[in-house]
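If you want the building blocks of each chain, they are given just below.
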Amino acid sequence: MSWVLVALGAWAVGWWVNSRLAASPLARTQGGKLAVPVIFGLTILILWEGLVRGLNVSPVILPPPSAVAVRFADSLPILWGDFVQTAVKGALSGYLIGCAAAFATAIVIDRSPFLQRGLLPVGNFVAALPIVGIAPIMVMWFGFDWQSKAAVVVVMVFFPMLVNTIAGLKASDAMQRDLMATYSASYTQTLLKLRLPAAMPFVFNGLKIASTLALIGAIVAEFFGSPTLGMGFRINASIGQLALDMIWAEIVVAAIAGSAFYGLVAMIEKRVTFWHPSQRT
């Protein structure tokens with residue numbers, strides 16, 4: 001039971017340190033904001049390691065973090081190839097195509113009341129389609145390589161980006177638009193100088209939502225057909241081999257990639273929408 005006692009002791013110490021740190025003035029500094037989640041994450045890992053070893057949990061059910069770390073270190077070339085296939089070729093390309101298409105479509109819809117009433121309900125219908133139904137169709141249409149995964153990602157990210165962009169284009173109030181009209185501003189001038197800047201918080205909200213959906217969509221799509229490469233393929237193959245440590249290693253890669261991608265979008269958002277109240281911390 002020594003492992004269990006160590007785990008519970010580490011949890012108690014981590015909880016005490018984090019509670020004191022969160023209540024101190026250091027919590028408002030950059031170092032404090034980083035330290036709290038880091039300490040919490042390390043505490044979870046120690047607790048996981050101690051309980052799995054102390055309770056003799058089978059690695060087939062739940063491997064300890066140390067075993068996952070060893071598999072991660074031993075499989076770096078495989079994990080890197082899977083990352084490039086899924087995250088870069090499938091998720092990133094689909095993300096860029098889907099978000100760009102949704103942004104352009106939102107501009108077109110904004111100019112046409114007919115499209116606002118006709119296209120948005122269709123988009124809502126497409127967004128409600130289950131990914132397990134879309135993925136096999138895309139694989140049949142675009143083949144087993146990354147192109148079909150990118151197509152699934154395009155379908156998944158298109159509607160959230162479209163809805164947020166349309167909402168953002170309506171964010172400027174009537175008085176501001178009337179002021180632009182008094183200056184004899186054209187639609188393009190009003191769009192570029194007033195409505196798009198006001199829409200940026202909504203646009204970045206759609207980009208952040210899409211950033212999480214893109215990687216999920218690409219991984220799930222690989223379950224329905226993929227070359228011998230990719231995160232989804234590796235997870236699916238490891239299930240049959242009962243290689244739980246490899247599955248967790250792929251989950252770690254996906255978590256790091258998704259968090260980094262989301263953080264990059266959030267960092268760009270902070271630079272672009274520095275004037276918005278949500279960025280004044």
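Residues numbered from 1 in each chain as written. Predicted model: local features only at pLDDT ≥ 70, side-chain atom pairs only at ≥ 80, totals over all residues. Heavy atoms only, no water.

## Some details on the pattern of salt bridges
The final tally for this structure, using the stated rule, is four salt bridges. With its nearest N and O atoms 2.4 Å apart, the salt bridge here joins Arg53 to Glu49. Of the two residues, Arg53 and Glu49 are both situated in helix 2 (residues 30-54); the distance of four residues between them amounts to about one turn of the helix. Residue classification places Arg53 among the partly exposed residues on the basis of a relative accessible area of 38%. Note on Glu49: relative accessible area 12%, which makes it buried. Note that Arg71 is salt-bridged to Asp245, the shortest N-O span being 3.5 Å. One end of the pair, Arg71, is in helix 3 (residues 65-74); the other, Asp245, is in helix 11 (residues 244-272), with 174 residues separating them in the sequence. (Salt bridge = Lys/Arg side-chain N within 4 Å of Asp/Glu carboxyl O. Helix = DSSP H or I, 4+ residues; strand = E, 2+ residues; numbered from the N terminus. Buried < 20%, exposed > 50% of the residue type's maximum accessible area, 1.4 Å probe, protein only.)

## Here's the deal with helix 9 (residues 187-221)
Residues that lie three or four places apart on an α-helix share one face, since the helix turns once every 3.6 residues. The terminal C-alpha atoms of helix 9 lie 41 Å apart, and with 35 residues this falls more than 12% below the ideal 51 Å at 1.5 Å per residue. Roughly 50 degrees is the biggest bend found in helix 9, and it falls at Met200, with proline Pro201 one to four residues downstream. (Expected span 1.5 Å × (residues − 1). Bend = angle between axes of the 7 residues up to and from the residue.)

## Topic: the packing of helix 9 against helix 11
Running from N to C, helix 9 and helix 11 point in directions that differ by 170 degrees, and their axes come no closer than 10 Å. Looking at the two axes, helix 9 sits roughly antiparallel to helix 11. Of the two possible hands of crossing, helix 9 and helix 11 adopt the one that is right-handed. Where helix 9 approaches helix 11, its residues Met200, Pro201, Phe204, Leu207, Lys208, Ser211, Thr212, Leu215 and Ile219 are matched on the opposing element by Ala254, Ala257, Gly258, Phe261, Tyr262, Val265, Ala266, Ile268, Glu269 and Val272. (Axes fitted to C-alpha atoms, helices over the stretch in contact; angles between N-to-C directions. Parallel < 35°, antiparallel > 145°, perpendicular 65-115°, else oblique. Left-handed = near helix turned anticlockwise from the far one by under 90°. Contact = heavy atoms within 4.5 Å.)

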